[in-house]
Amino acid sequence: MIWACLLMLAGGYAAQLCRVPISSDLCKLLLLVSLAMLFDRRSRLPGFALLGFILFIQAGQGIVDNRLDDQFAGDSLLTRVRIVDFPRISASSVVMLVEPLDDRRLPRRSRVSWFEPPLQPTIGDVWEFELRLRRPRGYSNPGVFDAEAWLFRQEIHATGYVVNGKRNRRLETDTAGTIDRFRREFIARAVVATDSSDVAAVLAAVGVGARHLISRAQWNSYAVSGTSHLVAISGLHIGLAASVAFLLARILTGVLRIAANTMIAATVVAVLVAAAYTVVSGFGVPARRASVMLLVVACAVIRRRPVDPFTTVAAAASAVFVADPVATTAPGFQLSFSAVVLLLWMARARQFTDAGRGLLLRVAGSVRQLFIMQVFLLFGLMPLTAVLFQRLAILALPANMIAVPLFSIVTVPFTLAGLACRGIAERLGHVALQIAACSIEYLLAFIDWLVRLPFADVTVAEVQRDGWLLLMTPLLWVLLPRGWPGRGVALLAVPALLLYAKPVPDEGCVDVHVLDVGQGLATVVQTAQSNLVFDTGASFRGGGNVAEQVIVPFLKSRRIKRIDWLVISHADNDHSGGVLSLHEYAEVGVVLAGEPLRQTGVATTPCRAGQHWQADGVGFRLLYPDAAVPRKGNDASCVLLIEAGRHKLLLTGDIEARAERSLVGSRLLSAVDAVVVPHHGSLTSSSTPFVDTLSPLVAIVSAGHANRWGFPKEQVVRRWNATGALVLETGKSGAISLRLCAANGLGLLRRDRYERRRFWRTDAN
């Protein structure tokens, strides 16, 4: 079973790296081949690997095939839908998961936003909406959260928004099923049980797996403190629910004598309760894992067979994978099963006993076991957390030393009691929820204190090449027995990971990263010892901005904490929307701007032609605007020339034809190696004299995929192509990274969407 599980998972993970789709007919043929291979002992092992590969390909291709038809993308569709999950409500918007009612134009599941809704929708509502949808797609940047992969594993087939207007109306309410009504009722009771919205959010997550009330700030605190697992229904919750059910069933069947074998009856009841709670909690991966493991153990107990823990885990992993192959892409799958395997490995390697000891010694022994368990998990999960979240949860050790006992003894038992006590016992359930809420309040206060410590948020750089060897070193502490030589090296890996950084350009070289920020512009420029950010992308109507989502994570992935020069080309939102977020994250030196940033309150120095500076053998020179001719709007944009020896790269902001004529007439321009095309490829820019003067090797357009303005315009692309330039678009290529060196000239380092090509992603160029 263990080898079969490992090989199936290996096949599934190999399929995740597949870049080209496989036809349905070939998939069916390979599935039959893999099943046939399982009947022959000599081919059984590769048969399991092939089976895992094909199961994932089929599941993934099914998601792709069910996506929104291209012919309806961008159209206004008046349709009737049902809200099938708890909407996530923010200050001015709501995000909903909807399914259509008898409308073949819409895919099975869509994620839509509604800005400033007149009514608050809820789960189970039936609405008539005017929707504008597109196929699932996200920004593509190195070292940044992969939204497109998240949409894929959530099986979301379209994204979009509700067009505000009188055509939107609620047709029915309270049409949710029994389980959703039960969950909604519990959430209402959780809100009543406490005055704190943060506490109520955790109660809802712990009780019924509803995490829509948890704010972004809360999620960040849990991630930094390593306590995110506490708000996911997992083995702890399922195990406690099953244990209480087993105990009560054993007592009742024994007292009432309604079963010949009370052990079997109680075991069956425990399994049923665990399965029911898994369904009520939203059927998350950790809950599924715990339920399947419990079922395997129950079957062994009923049949009076010995139970091998590792075989049980393998059976659970195989069952989850076969039922939902795409679940293996979720961090919850990887972390949940890895944690269980680590704990079983620890239990086998270390034998703890408290037999014959007094109460105090037993308590001390339990604390010691908990400490060792947390150290095991810290080192054992360190490679995963570094890869998945680019951070080391150093605070997980002290946080979980308090949180795990508190949740195990107080929070989860009393939350489950509140969940179970309804009807005539609702008052008792309310008291239980208040006790659980009190424990959560104390825990959140402790976590809030922890995350305010100066060393709390420990991030690591994106790992590449030989960094993988360093990343896996902490596992030596977990896998090697005590006393083995080399085991202590694992301790040195922690500071080494903290100090690890991606290679920076050599003296006389500069890296330029034009990030994928949708319809906007954000460029990070890095020399050997300095950093410059040119524009910050947009802020959003529903809250947040591109800097939070893209620029800051990108900077973290390169361990950049100081921005020596922040250049804001002009005041338009799609260029200046993230200024404050960058100031909150990094130490910012000089701020240059083409226009005053009045809404941000940030003091700036005006961009003026002639300003220049040097950094690590690379020259920076502002060519525009001229102080003698006041400008505003697009034509006030800063134009920055970066020079490495005789090689040049030009950043242009949103200048239009008038500013281009001024630049060409000033004779400050000459041929460049690369240029970021003005104004996202608009017809109002990229005039023929300007394009001919620059004659670049590479012309980069920062524009959103399928944006409503149709940027870049086809005529503009042809104009740049006519000079021999390779035209790249962030909307198609993702983030585009270049290196400009005095000695070697221009090199194309990376097109992120091309590097991340997978069979389930939108095509890249």
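Predicted model, so just to flag it, every value in this text is computed and none were measured. (Residues numbered from 1 in each chain as written. Predicted model: local features only at pLDDT ≥ 70, side-chain atom pairs only at ≥ 80, totals over all residues. Heavy atoms only, no water.)

Scanning the protein from terminus to terminus reveals 27 helices and 22 strands. Against the 2.2 N^0.38 benchmark of 27 Å for 765 residues, the protein shows a C-alpha radius of gyration of 29 Å, consistent with a compact globule. Looking at the 765 residues of the protein, the share that counts as buried comes to 51%. Of all intrachain contacts in the protein linking residues separated by at least 6 positions in sequence, the fraction that spans at least 24 positions is 69%. Counting every atom, the protein has about 34800 Å² of accessible surface; 59% of that belongs to carbon and sulfur. (Helix = DSSP H or I, 4+ residues; strand = E, 2+ residues; numbered from the N terminus. Rg over C-alpha atoms; globule rule 2.2 N^0.38 Å. Buried < 20%, exposed > 50% of the residue type's maximum accessible area, 1.4 Å probe, protein only. Contact = heavy atoms within 4.5 Å. Areas by Shrake-Rupley, 256 points an atom, 1.4 Å probe, with all protein chains shown as cover.)

All told, the structure shown has 2 cavities of 30 Å³ or more when counted by the stated rule. As a volume, the largest cavity reaches approximately 60 Å³. When residues of the lining of the largest cavity are assigned to their parent elements, the largest contribution, 4 residues, is made by helix α16 (residues 426–451). Classifying every residue of the lining of the largest cavity by side-chain character gives 9 nonpolar, 1 polar and no charged. In this structure, the second largest cavity encloses a volume near 40 Å³. Taken together, Leu521, His575, Gly653, Asp654, Val676, Val677, Pro678, His679, His680 and Ser702 make up the lining of the second largest cavity. Across the lining of the second largest cavity, the residue classes tally to 4 nonpolar, 5 polar and 1 charged. (1 Å grid on protein atoms, 1.4 Å probe; cavity = no way out; pocket = protein on both sides within 12 Å on 5 of 7 lines; lining within 4 Å. Points joined across faces, edges and corners; volume = space filled by probe spheres on them. Nonpolar A, V, L, I, M, F, W, Y, C, P; charged D, E, K, R; others polar.)

A separate point is the pattern of salt bridges. Applying the stated criterion to the full structure yields 29 salt bridges. Note that glutamate 148 is salt-bridged to arginine 761, the shortest N-O span being 3.7 Å. Separated by 613 residues along the polypeptide, glutamate 148 in helix α4 (residues 147–153) and arginine 761 in the segment after α27 (752–755) bring together distant segments of the chain. Here glutamate 148 and arginine 761 have matching classes, each one buried. Residues participating in the shared-partner salt-bridge network are Asp146, Glu148, Arg750, Asp752, Arg753, Arg756 and Arg761. (Salt bridge = Lys/Arg side-chain N within 4 Å of Asp/Glu carboxyl O.)

Let's shift gears to the sheet that holds strand β18 (residues 674–676). The strands making up a sheet associate through hydrogen bonds between their backbones, and the pairing can be parallel or antiparallel. The 7 strands are arranged β14-β15-β16-β17-β18-β19-β20 in an open sheet whose pairing can be described as mixed. Whereas interior strands pair on both sides, the edge strands pair on one side only; in this sheet they are β14 (612–615) and β20 (726–729). Going from strand to strand, the sheet's axes swing by 20° on average, the running direction of each strand aside. Alignment of strand β19 (residues 698–701) against β20, held across 4 bridges, turns out to be parallel. Bridge pairing in β20 places isoleucine 700 opposite leucine 728. (Pairing = 2+ DSSP bridges. Axes fitted to C-alpha atoms, helices over the stretch in contact; angles between N-to-C directions.)

Before going further, it helps to spend a moment on helix α19 (residues 489–499). Turning to α19, its buried residues are Ala490, Ala493, Val494 and Leu497. Relative to the axis of α19, the buried residues are bounded by an arc of 105° and lie together on one face. Across from the buried face of α19, at angles greater than 90 degrees, the exposed residues are Leu492 and Leu499. (Arc of directions from axis to C-beta.)

Positionally, histidine 570 belongs in the loop between β11 (562–568) and α21 (573–576). Residue class for histidine 570 comes out buried when judged on its relative accessible area of 0%. A distance of 3.1 Å separates polar atoms of two side chains, one belonging to histidine 570 and the other to aspartate 572. A distance of 3.3 Å separates the side chain of histidine 570 from the side chain of asparagine 634, its partner in a polar contact. (Polar contact = N/O pair within 3.5 Å; in protein donor to acceptor, adjacent residues only side chain to side chain.)

This next bit is on a nonpolar patch on the surface. A cluster of nonpolar residues, Leu247, Ile251, Leu252, Val255 and Leu256, forms a patch on the protein surface that exposes about 510 Å² of accessible area. Residue position: isoleucine 251 is located in helix α8 (residues 235–256). (Patch = residues over 30% accessible without salt bridge, like charges linked within 9 Å, V, L, I, M, F, W, Y side chains within 5 Å.)

Attention shifts here to the state of the cysteines. Within the structure shown, the criterion is met by 2 disulfides. Covalently, cysteine 509 is tied to cysteine 741 through a disulfide, its sulfur atoms 2.0 Å apart. One disulfide, between cysteine 509 and cysteine 741, carries an S-S torsion of 120° and so falls in the right-handed class. Separated by 232 residues along the polypeptide, cysteine 509 in strand β8 (residues 509–514) and cysteine 741 in strand β21 (residues 736–741) bring together distant segments of the chain. Relative accessible area serves as the criterion here: at 6%, cysteine 741 is assigned to the buried category. Between the sulfur atoms of cysteine 607 and its disulfide mate cysteine 638 the distance is 2.0 Å. Across the S-S bond of cysteine 607 and cysteine 638 the torsion is about 90°, and the bridge reads as right-handed. Here cysteine 607 is found in the loop between β13 (605–606) and β14, whereas its partner cysteine 638 is found in the loop between β15 (618–624) and β16 (639–644), with 31 residues between them in sequence. Residue cysteine 607 is classed as buried on the basis of its relative accessible area, which comes to 0%. (Disulfide = S-S within 2.5 Å.)

Bringing the packing of helix α5 (residues 178–192) against α16 into the picture now. Where α5 meets α16, the closest approach of the two axes is 9 Å, and the angle between their N-to-C directions is 60°. Classified by the angle their axes make, α5 and α16 are oblique. Once α5 is placed against α16, the crossing between them reads as right-handed. When α5 is examined against α16, the residues Phe186, Arg189, Ala190 and Val192 are found in contact with a partner set consisting of Glu426, Gly429, His430 and Leu433. (Parallel < 35°, antiparallel > 145°, perpendicular 65-115°, else oblique. Left-handed = near helix turned anticlockwise from the far one by under 90°.)

In this section: the sheet that holds β8. As summarised here, the arrangement of the 8 strands in space is β13-β12-β11-β10-β9-β8-β21-β22, forming an open sheet in which the pairing is mixed. With one partner strand each, in any of the chains shown, β13 and β22 (745–751) form the two edges of the open sheet. Alignment of β8 against strand β9 (residues 522–526), held across 4 bridges, turns out to be antiparallel. Across the sheet, the residue bridging to aspartate 511 is glutamine 526, located in β9. Docked against the sheet, helix α20 (residues 546–557) engages β8, β9, β10 (531–536) and β11, running at close to 165° with respect to β10.

Packing of helix α9 (residues 262–280) against helix α10 (residues 285–302) leaves a shortest axis separation of 10 Å and a crossing angle of 165°. Overall, the two elements α9 and α10 adopt an arrangement that is roughly antiparallel. At the point where α9 passes α10, the crossing takes the left-handed sense. Across from Ile264, Thr267, Val268, Ala270, Val271, Ala274 and Thr278 in α9, the residues of α10 making contact are Ala287, Arg288, Ser291, Leu294, Leu295, Ala298, Val301 and Ile302.

Moving on to the environment of proline 596. Along the chain, the position of proline 596 falls in the loop between β12 (587–593) and β13. Proline 596 gets classed as partly exposed once you look at its relative accessible area, which sits at 47%. Measuring from C-alpha to C-alpha, the distance between proline 596 and lysine 632 comes to 9.9 Å, with 36 residues separating the pair along the chain. Aside from chain neighbours lying at most four places away, what touches proline 596 is Ala571 and Thr604.

Pairing of β11 with β12, which is carried by 6 bridges, proceeds in the parallel orientation. Paired with arginine 562 across the strands is glutamate 587, a residue of β12.

Only a minority of non-glycine residues have a phi that is not negative, and only a minority of peptide bonds are not trans. Put simply, tyrosine 624 and proline 625 share a cis peptide bond, and its omega is 5°. Here proline 625 lies in the loop between β15 and β16. Cis geometry marks the peptide bond from phenylalanine 711 to proline 712; its omega dihedral reads -5°. One can find proline 712 in the loop between β19 and α25 (714–721). Positioned with a positive phi, aspartate 102 is a non-glycine residue whose angle comes to about 55°.

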